[in-house]
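# Per-entry structural report
Each chain is listed here by its residues.
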Amino acid sequence: MSRIVYVNGEYLPEEDAKISIFDRGFLMADGVYEVTSVLDGKLVDFEGHAVRLERSLTELDMAAPATKDELLAIHRELVERNGIVEGMIYLQVTRGAPGDRDFAFPDPEETPSTLVLFTQNKPGLADNPAAKKGIKVISIEDIRWGRRDIKTVQLLYPSMGKMMAKKAGADDAWLVEDGFVTEGTSNNAYIVKGRKIITRALSSDILHGITRAAVLRFAKEAQMEVEERNFTIEEAQDADEAFITSASTFVMPVVEIDGAQIGTGTPGEVAPRLREIYLEESLKAAV
Ligand code: PDD
């Protein structure tokens with residue numbers, strides 16, 4: 001059955017949805033995006049994603065295509081029309097289609113931004129078997145641009161990173177810059193020592209994960225210590241546990257880094273507990 005997707009004010013079957021070849025998202029990767037998860041037919045952390053989208057748009061001087069309330073209504077309509085119980089909603093805003101190719105930004109009065117949303121049905125997302133086993137990561141150099149705090153659609157290097165991981169028999173890659181881990185290809189990275197959670201501090205070096213913010217808040221509420229600082233791959237390999245967070249993986253234990261087993265090589269106590277708390281609390285707060 002084909003999905004109903006949203007394109008610039010219209011709900012359409014996916015095969016009827018069309019974007020201009022001159023769209024700057026297509027030609028210049030001049031676009032930003034958000035991924036919001038759906039649990040129990042409700043949106044997880046919608047507010048956080050909407051606020052970060054506004055920030056990404058502002059940082060790139062891009063016009064907002066809809067208000068937060070309008071976006072919420074579109075998200076809900078898509079969940080409803082596609083019968084999503086567990087899955088994701090992908091949203092993308094680009095600087096529109098000026099009708100030709102030009103490096104200069106078009107006048108937003110003449111070229112409205114493009115807004116596209118679609119659902120991804122993922123039954124069993126919360127009960128992902130990978131969370132019981134943990135995942136393996138490799139480390140690669142972080143050669144992305146310097147504004148990783150903006151959630152742009154420039155995802156070529158993260159895609160290459162995932163392919164490098166796959167080729168090496170791993171599940172994902174952690175990015176390393178000047179000897180320190182920045183983040184995962186599409187997630188934030190953490191290590192655990194005792195009951196202390198260590199993760200890189202927020203800056204333009206990493207995406208300010210919405211799941212990260214929630215998980216750190218829950219960790220503090222559960223009397224765990226949180227230290228926001230740089231760490232190396234060597235420190236991670238020596239840690240008791242490691243994990244990643246994102247809207248699509250929630251909290252996912254990492255059990256191997258560059259072939260070195262973390263702790264016992266199985267998920268420890270902290271990451272699975274944080275996953276449990278995150279899922280429970282997020283579901284309660286979902287809209
Ligand atoms: N990725 N860091 C990067 C580079 C990311 O792409 C993501 C999200 C995160 C985690 O952010 P959040 O917790 O807000 O999802 C961190 C999404 C899920 C994606 O590209 O599919």
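Further remarks concern the packing of helix 2 (residues 46–59) against helix 3 (residues 68–81). How two helices sit against one another is set out by the angle between their axes and by the gap between those axes. With their axes 11 Å apart at the nearest point, helix 2 and helix 3 run at an angle of 125° to one another. One element, helix 2, and the other, helix 3, form an angle in the oblique class. Here helix 2 and helix 3 pass one another in a crossing that is right-handed. Contacts from F46, E47, A50, V51, L53 and E54 in helix 2 reach K68, L71, L72 and H75 in helix 3. When grouped by side-chain class, the residues that make up the contact of helix 2 with helix 3 number six nonpolar, one polar and three charged.

Taken together, 20 residues are adjacent to the ligand, and Y33, E183, I210, T211 and A247 come closest. In this structure, E183 approaches the ligand through a side-chain N or O atom, which is 2.7 Å from a nitrogen atom. Contact between the ligand and S186: a nitrogen atom at 3.2 Å from a main-chain N or O atom of the residue. Taking 470 Å² as the accessible area of the ligand by itself, protein coverage stands at 90%. With respect to the detected pockets, the ligand is housed in the largest pocket. Of all the secondary structure elements, the ones that give two or more residues to the shell around the ligand are strand 3 (31–39), helix 2, strand 9 (180–184), helix 6 (210–221) and strand 13 (241–246). The residue inventory of the shell around the ligand, partitioned by class, reads five nonpolar, eleven polar and four charged. Residues lining the shell around the ligand come from more than one domain, with at least three contributed by each of domain 1 (4–121) and domain 2 (130–285).

Within the element layout of this structure, E235 appears in helix 7 (residues 233–238). Here E235 falls in the buried class, since its relative accessible area comes to 17%. In contact with E235, not counting residues within four places along its chain, are I191, K193, I198, R229 and N230.

Under the counting rule described, the total for this entry stands at 23 salt bridges. Two residues, E235 and R229, come together in a salt bridge whose shortest N-O distance is 2.8 Å. For R229, a relative accessible area of 26% puts it in the partly exposed group.

On the basis of which strands lie adjacent, the open sheet formed by six strands has the order 2-1-6-5-3-4 and antiparallel pairing. The open sheet is flanked by strand 2 (10–13) and strand 4 (42–43), the only strands paired with a single partner. The strands that helix 2 touches are strand 3, strand 4 and strand 5 (87–94); relative to strand 3, the one it contacts most, it runs at about 180°. Along the sheet, helix 3 makes contact with strand 1 (4–7), strand 2, strand 3, strand 4, strand 5 and strand 6 (114–121), crossing strand 6 at roughly 35°.

Rules and cut-offs
Residues numbered from 1 in each chain as written. Predicted model: local features only at pLDDT ≥ 70, side-chain atom pairs only at ≥ 80, totals over all residues. Heavy atoms only, no water. Axes fitted to C-alpha atoms, helices over the stretch in contact; angles between N-to-C directions. Helix = DSSP H or I, 4+ residues; strand = E, 2+ residues; numbered from the N terminus. Parallel < 35°, antiparallel > 145°, perpendicular 65-115°, else oblique. Left-handed = near helix turned anticlockwise from the far one by under 90°. Contact = heavy atoms within 4.5 Å. Nonpolar A, V, L, I, M, F, W, Y, C, P; charged D, E, K, R; others polar. Near = heavy atom within 4 Å. Polar contact = N/O pair within 3.5 Å; in protein donor to acceptor, adjacent residues only side chain to side chain. Areas by Shrake-Rupley, 256 points an atom, 1.4 Å probe, with all protein chains shown as cover. 1 Å grid on protein atoms, 1.4 Å probe; cavity = no way out; pocket = protein on both sides within 12 Å on 5 of 7 lines; lining within 4 Å. Sits in = over half its atoms within 2 Å of the grid points. Domains from an automatic or database assignment. Buried < 20%, exposed > 50% of the residue type's maximum accessible area, 1.4 Å probe, protein only. Salt bridge = Lys/Arg side-chain N within 4 Å of Asp/Glu carboxyl O. Pairing = 2+ DSSP bridges.

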